[in-house]
Amino acid sequence: MPASPVSVHQAFASQHATFNHVWSSLLLEELHRLGVRDIALASGSRSAPLTMAAAAHPGFRRHLHFDERGLGFMALGLAKGSGRPVAVIMTSGTAVANLWPAVAEAQLTGVPLIILSADRPPELIDNGANQAIDQQGIFGRYPVYQQNLPSPTPTIPAAFVLSSVDQALAQQAHTPGPVHFNCMYPEPLYPGDHYLDFADYLAPLGDWLRSDAPWSPWLAIEPGCPVQPDWAELQGKRGVIIAGRIQDPLQGQAVAELAERLGWPLLADLQSQIRFDSRNLIHVDLALQDDCFVAELARAEVLLQFGARLISKRLGQFIKQHPWQDYWLVDSQPARLDPDYRLRRRLLCEPAAFAASHPLATQQPPWHKLVERQQRATLQIRAACDRFSELGVCHRLNALIEGQLFVGNSMPARLMDMLGEPGKGPSRVMTNRGASGIDGLIATAYGFAQSRDEPTTLLLGDLSALHDLNSLALLGKTSRPLVVILLNNDGGSIFRMLPVPTGDRLLETYYCLPHGLHFEHAAAMFGLQYRAPTTLAEFELAYAAALEKGVTLIEIKVPSQEVAEDLKALGAAIRGS
């Protein structure tokens, strides 16, 4: 039931004894009315008004972490999983700067974060005051909307706070990404002993006090996709459909169905939600080393791509070098997403909207024989993955996976993209492939895991785990099974796949960075179950047991050079050399 004006006034008067608290409550209440349900918080004194408002509001789910960098990534995972904006509250100073990596990832992948940073008032900036840095514009151009809120004062109407929130979230809905409110709070930061009545200050809000509606919502135009007049001409050519990053499995299915009706081959990235679909050419990355496969694929004339940011570098190189007669990209994120400058048409819409506005009268037969051409690569992959190794574990995980999958960057994402098999697959796949950093992956996966009542599996490398080790503290809070599969090859083995000079131990000393560490004691420190299988059979048993309850860290200990050597040998076998 909507609150009565009397009850609202009493809440402000009895719980919030300063204008800091009034503005914080207004800000969070308007966020709630606009759909925010999750708030990620780290402790701090300058942010006390925001924290107290969040704690008092019955409509929020509150998520706590002691480390602001992990906090930002946890919020990122919550927003990815729920599809809703997530607010993040932290204190002033370097606490705010620690959110930079998560803010960058959110902007690059269109994830709606709302950063509520507490700050010193203007008179305490740049004069030696404690825990004060210049926070205005601290995230540069990455926020899609940012506002430095003045110190709360009765001379500025309450509607200013509400309308600021309305404008910010309207901009965020139009251009998904992070929003930043910098809240400059003077002392006192905590309620005092005196009862203060803010009824006169709040009275101009009128009906807002008696309703649950936003103050001044900006009405969005219904999204759609205009019909392309040359669609009939395009569909009559030999085409390829590529599926890149698609977050909604239903949107992915629309792409797979369109490819089937067109008779065009479907090349689906791990992030597409249709990587494991039987209609997908599952081993394209490695098959691109087979001249017969490449020759057949090169007969294609046009490319229709849904979603950007492909993992496969080989596929990206093929797209760049092939002389396409036409190349369209369908992606709802309002960004260029064209690193090779090959696009001829950019459509800002969802895949299902495109498919609905571009129907096909009849299903067309396939124009290609790529399935047959791919068989040699598939047989070589299966042979290379029949023993305990990084390749073997990732290949076997494809068949075992239950629930959601979050994949880390560097080698894990590439291996899962290369080695998949058709089958049930995960319910959803998520990555942080905007900035593609190796930081914050454990925290992001934890946040992602909170969005559904099903198991979540996190696959990441050892350096990624070391970057975010303190976020293992979050995992014990989950009420659903969470499995961390940690590929420990003692450093950055991906550099063994790159043309780094090997003389004078340059590769080992400055790139691979071997650390000699194992994670059994880290699991014990944070109260996690631990397994370290040494065979594929043991891995299957460990994974099955981990899906039953709690949080389990499964460490895959492998020689440092093995994955690079295995991939080179596999490539040679596929090429027939």
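Our subject in this report is the structure included herewith. (Residues numbered from 1 in each chain as written. Predicted model: local features only at pLDDT ≥ 70, side-chain atom pairs only at ≥ 80, totals over all residues. Heavy atoms only, no water.)

**So, the packing of aromatic side chains**
Piece 1. Scanning the model with the defined rule gives 13 aromatic pairs in all.
Piece 2. An aromatic cluster of at least three residues, connected via ring pairs, comprises Trp231, Phe306, Trp328 and Phe354.
Piece 3. Sitting above the plane of the Trp208 ring, Arg33 keeps its charged end 3.9 Å from the centroid. (Phe/Tyr/Trp six-rings, centres within 6.5 Å; stacked < 30°, edge-to-face > 60°. Lys NZ or Arg CZ within 6 Å of the ring centre and 35° of its normal.)

**Focus on the packing of helix H17 (residues 390–400) against helix H18 (residues 411–419)**
Piece 1. H18 packs onto H17 with a crossing angle of 60° between their chain directions and a minimal axis gap of 9 Å. Classified by the interaxial angle, the pair formed by H17 and H18 is oblique. Where H17 crosses over H18, the handedness of that crossing is right-handed. Across from Glu390, Leu391, Cys394, His395, Leu397 and Asn398 in H17, the residues of H18 making contact are Leu415, Met416 and Leu419.
Piece 2. Among the residues making up the contact of H17 with H18, the classes are represented as six nonpolar, two polar and one charged. (Axes fitted to C-alpha atoms, helices over the stretch in contact; angles between N-to-C directions. Helix = DSSP H or I, 4+ residues; strand = E, 2+ residues; numbered from the N terminus. Parallel < 35°, antiparallel > 145°, perpendicular 65-115°, else oblique. Left-handed = near helix turned anticlockwise from the far one by under 90°. Contact = heavy atoms within 4.5 Å. Nonpolar A, V, L, I, M, F, W, Y, C, P; charged D, E, K, R; others polar.)

**Looking at the packing of helix H2 (residues 19–33) against helix H3 (residues 48–56)**
Piece 1. Close contact between H2 and H3 brings their axes to 8 Å; oriented N to C, the two are set at 50°. As far as their axial angle goes, H3 and H2 are oblique. Taken as a pair, H2 and H3 cross one another with a handedness that is right-handed. Contacts from Asn20, His21, Ser24, Ser25 and Leu28 in H2 reach Pro49, Leu50, Met52, Ala53 and Ala54 in H3.

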